[in-house]
Every structure is written in C-alpha cells, then in structure tokens.
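# Analysis of the macromolecular model
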Amino acid sequence: MSVSTAALDPSVCAPLPVLGQDVTVPLVTGGEVTYAALDYAASAPALQRVWDDVAAYAPYYGSVHRGAGYLSQLSTDLFENSRRTVAGFLGCRADDQVVFTRSTTDSLNLLAAAIPANCQVFVYETEHHASLLPWRDAQVTYLNAPRTPGQAVETLERALADRDPYGPALVCVTGASNVTGELWPVRELAAAAHAHGARIVLDAAQLAPHHPVDIAELDVDWVAFSGHKLYAPFGSGVLAGRADWLQAAEPYLAGGGASRKVARRADGGVDVDWHTTAARHEAGSPNVIGVYSIASACKALTEAGFDNLVAREQELVSRVREGLAEVPEVQVLSLFGDDAPRVGVISFVVRGWNSSHFAAALSAEYGIGVRDGLFCAHPLVRTLLGSDPQDPGECGAPEAEPGERSLNAIRVSFGAGTPDEHIDRFLRAVTELVREGAQWKYRTEDGRCVPDRGEAAQV
C-alpha cells in the first residue's frame, strides 16, 4: 500500500469541523489557550457532521428488528442502511458480512472465537495488543519485527511455508502502525497468505481514518476497525469480511437477536436455530446510535473527498517530521526508515527527558494533548527503543521520575480535523522545551507525571 499525493492539492481541503475545536484549557503558567488535540491515534474527536446527524435522529430513537411501531421500523431501516453504507465504504464483496461490534478489540476477539479448530495464527510482534492477544485458543506463531516491508513479506512466507499445509491458518496484520504510523504492505501480505492457503485479517484501526480501505482491492478476508478512531463517538466497531467462518461458529454472544427459533425438547433441554446473517454475532439490543455514527462518518469522509484529506494529512506529516528533524535531541521511531509512507501518527523520544515529563509539559504549559507510554504495543516500542523485553515500563505508567530516562515514548497524532495552528504550536513547544526547559516543576503521582501546583521551575 502506498500514499501518493503528487496530483492532489492540500489547499483545496480545509480541516473538517470537529467537536471540541473551540474548547479552552487552563495553563499552569496562567491564562487559557484553545486545546490542541493531537492524540487522534487513541480517539479522534467526533466530526460535527456526525454529531448533527445523531442529534437529528435522537428523537426518533427506537428498538430495532422486532418492533411494530413506526420508530422501531425507522430505526431498523437506519441500522441496516448503516450496514450497507459501511460495506460500501470498505469496498466489501457481494457475499461479505458486516458485523457491528464495540471496537477493533471486540471485532478481533469475535473473529478469534470463530476460527476453526486447530487453526494456526500468524501475527507480528509489532501489532497492537488488540490484534496480538486474542488468539488464546489457537496455535500462535509470533513473527519478529521486520525492518523493511519486503522483509515483512519474506518473514511471513517463510513461516507459512513451514506450517501444516492441510489445516486452517490465519494471518493478522495492521494496516498502519499505531506507534510509527508506517503503512504495511497489506496487498503483498494478503497475496503471500493466500498463496499458502491462509486467510488474512486487517487491523484497520489506524488505517481507515487516514486512508481509503478497499477489502476487494487489498484482497483481505476481513477488516476490523473502531468508530472512535473514525471520528465517531465511543462504543462501536466493525468486523467485515467473509461469512463462512462466522456462520459456522457458535454465536459470539448467546441471546435474543442471534437466534431465529428456540424450542424446548422433550428431555427438558433447549434447541436453538441460530441466524446465519450478521445477526448471529449481534445478540442483544444493538448500539444503534453508535452504528449510525460510524455510517455518518463514512459518508462525511467520502463526501469531503478522501483523496484530498489524505493529501492534506501528508502535508502535515511532512511538516511535523521536518520540524522534529531540526531538533537534534529528538529521535523519531521507525521500523521501515525515513522514506516509509505513513499516516499522521509519529512517536519519538527526547534525549535528556522522561517521556511522561515531556508530555505533561506539553499539556500543562502549551495546552497540547499527546500520548506517552508504550501505546498498548509493548513489544514494538521496546524493540524500537532498543530495550530488553524484560525492561520495566508500562502503558501510561512510567516508572522514572521527571528528568530521568524512561522506557516509554511520546506520540503525536492528527488527522482530518487538525488545524495548521495545532501543528505549529506543537513544533514550537517541542523546540522551546528542549532548548529552554520546562517553566514549571513536575512530580510523579499515581504513575503519572503531573505539574506541581506549588511552584514554577527556576529557569
């Protein structure tokens, strides 16, 4: 997969309106500033368009699929139309299913529960924990971190060549790293998987908000992503792709909606006829508003011109990388090298700084929200930092005091709603903090670096 912006003009695409773009936050140094949300990789702000669509629907809220009333029928139509919208957004094939879940994590756990017995799973150690950890009942082969896209394909081909060729197999891979933002060679990995009789699931949590995803074009078997990274509110996700394994598996949750018919047997037991559609894995009352918000976000991105959104984001990526390169103390983390295509997710460390301390200063003194830690990708970040897998350090819980080296990193991430000013302020803040130091004193409290409200630093 590649990103090309040669024929596109970023200037034709302004940032999309998002919730919270005018929110102000206090600074420890005094006064307030408009909040710069640069933590899109964790949760992107909801698009204003999405919020407006949900608000317009809210008075018509009703239970879906089994209600005879007008609002129930309207909500059912909206729910199923949302499924079709998502299928179109993902370029689903005619016989693919779109299953609504709670998140990418939920989607991949659903698939893990649906894989056939004796399935061999192949997953890179570079994955987010959502795609690294769900395969507990399978025979899992963890692949070492590759250092080039070509090496990623070669590593997978060797591993698949050594497997039992007669049993089912599944490859799980990210589309864009949640740590480095680098794009993975998804189409080539899919070809390698299929050539060896394996299937492939794409973790598109970081890819779908930043780049078009087409299941048929990429030739992947499933795609998983989260609404809250695609500019929709929390609590909804998608697993889309081939239906056969999903139809053959026991329902992910047993209950109403997943069953077509339930009857008592003469021996006192219960016979159940389960749905073979997506409803099989959507038991209970679904999150209609969450589903509708995903569909609304898909429409908004498409109507805004996704190619132009990609072009503008690539301009921001270049500006951030060039700005950080001007600060010698900053080391940007990368698997595939400086020339690798990437989305708006960049992680780095600063020589002489504890990462939590640096992130806390960005927030408290500049009103900039970034993320620090291991980003729920512990093996990858430790590999990038050149540390031993047994070294200390946990997501969001740095063990070093302010000023001491930490085994964590800082992540800045942005997207369709990011104004230019937020990028400019971030780069200015990084430069000032490195050259002049923090203006305030900080301390560790409950595993987090926080401003000491008592006094400023002596600078």
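Preceding this section is the structure that the text describes.
In this text the structure is predicted, and so the values were computed from the model without any measurement.

### Observations concerning the overall build of the chain
Of regular secondary structure, the chain possesses 13 helices and 19 strands. The C-alpha atoms of the chain give 23 Å as radius of gyration, which agrees with the globular expectation for 459 residues (23 Å, within 12%). Each principal axis of the C-alpha distribution contributes one length, and for the chain these read about 80 × 55 × 50 Å. Here the chain holds 459 residues, and the buried ones make up 55% of them. In the chain, the proportion of contacts linking residues at least 24 apart, taken out of those at least 6 apart, comes to 70%. Across the chain, the mean location of the 36 positive side-chain charges is 4 Å away from that of the 57 negative side-chain charges.

### Some thoughts on the packing of aromatic side chains
Summed over all chains, the structure comprises ten aromatic pairs. Judged by centre distance (5.8 Å) and plane angle (70 degrees), the rings of Tyr57 and Tyr292 are edge-to-face. Pair noted here: Tyr57 is in helix H1 (residues 48-57) and Tyr292 is in helix H9 (residues 288-304), with a separation of 235 residues, a long-range link. Between the aromatic rings of Trp353 and Phe358, the centroid separation amounts to 4.9 Å while the plane-to-plane angle is 85 degrees, which identifies the pairing as edge-to-face.

### A few points about the pairing of strand S7 (residues 169-174)
Judged by how many residues are buried, S7 sits mostly within the fold: six of six residues are covered. Neither face of S7 is open: one carries Ala169, Val171 and Val173, the other Leu170, Cys172 and Thr174, and all of them are buried. Where strand S5 (residues 120-124) meets S7, four bridges bridge the pair, whose relative direction is parallel. Counted as the bridge partner of Val121 is Leu170 from S7. One ladder, built from five bridges, connects S7 with strand S8 (residues 199-203); its direction is parallel. If you follow Val171 over to S8, its bridge partner there is Ile200. Note that the unit made of S7, helix H6 (residues 186-195) and S8 has a crossover that is right-handed.

### Re the state of the cysteines
Per the stated rule, a full pass over the model turns up zero disulfides. With no disulfide of its own, Cys92 lies 10 Å from the sulfur of Cys298, the closest cysteine sulfur. Here Cys119 stays unpaired: no disulfide links it, and the sulfur of Cys172, its closest cysteine neighbor, is 11 Å away. Accessibility expressed as a relative area gives 1% for Cys119, which makes it buried.

### Observations regarding the sheet that holds S5
Pairing is mixed across the open sheet formed by seven strands, whose spatial order is S4-S10-S9-S8-S7-S5-S6. Two strands lie at the open edges of the sheet, namely strand S4 (97-101) and strand S6 (139-143), each paired on one side alone. Neighbour-to-neighbour, the strand axes of this sheet turn through a mean angle of 20 degrees, independent of strand direction. Note that strand S9 (residues 222-226) and strand S10 (residues 237-241) share five bridges and pair antiparallel. Looking at the pairing, Val223 lines up with Ala240 of S10. Sitting on the sheet, helix H2 (residues 70-89) touches S4, S9 and S10, and the angle it makes with S4 is about 115 degrees.

### Side note on H6
Looking at H6, one finds that the buried residues are Val186, Leu189, Ala190, Ala192 and Ala193. Each buried residue of H6 sits inside an arc of 160 degrees when the element is viewed along its axis, so together they form one side. Summarising the contacts, the buried residues of H6 are in contact with S5, helix H5 (149-161), S7, S8 and helix H7 (215-218). Gly197 lies just past H6 and shows a positive phi near 75 degrees.

Reading guide: rules and limits
Residues numbered from 1 in each chain as written. Predicted model: local features only at pLDDT ≥ 70, side-chain atom pairs only at ≥ 80, totals over all residues. Heavy atoms only, no water. Helix = DSSP H or I, 4+ residues; strand = E, 2+ residues; numbered from the N terminus. Rg over C-alpha atoms; globule rule 2.2 N^0.38 Å. Buried < 20%, exposed > 50% of the residue type's maximum accessible area, 1.4 Å probe, protein only. Contact = heavy atoms within 4.5 Å. Lys, Arg positive; Asp, Glu negative; His and termini not counted. Charge placed at Lys NZ, Arg CZ, Asp CG, Glu CD. Phe/Tyr/Trp six-rings, centres within 6.5 Å; stacked < 30°, edge-to-face > 60°. Pairing = 2+ DSSP bridges. Right-handed = clockwise from strand over helix to strand, strands pointing away. Disulfide = S-S within 2.5 Å. Axes fitted to C-alpha atoms, helices over the stretch in contact; angles between N-to-C directions. Arc of directions from axis to C-beta.

The values are spatial; any link to function lies outside them.
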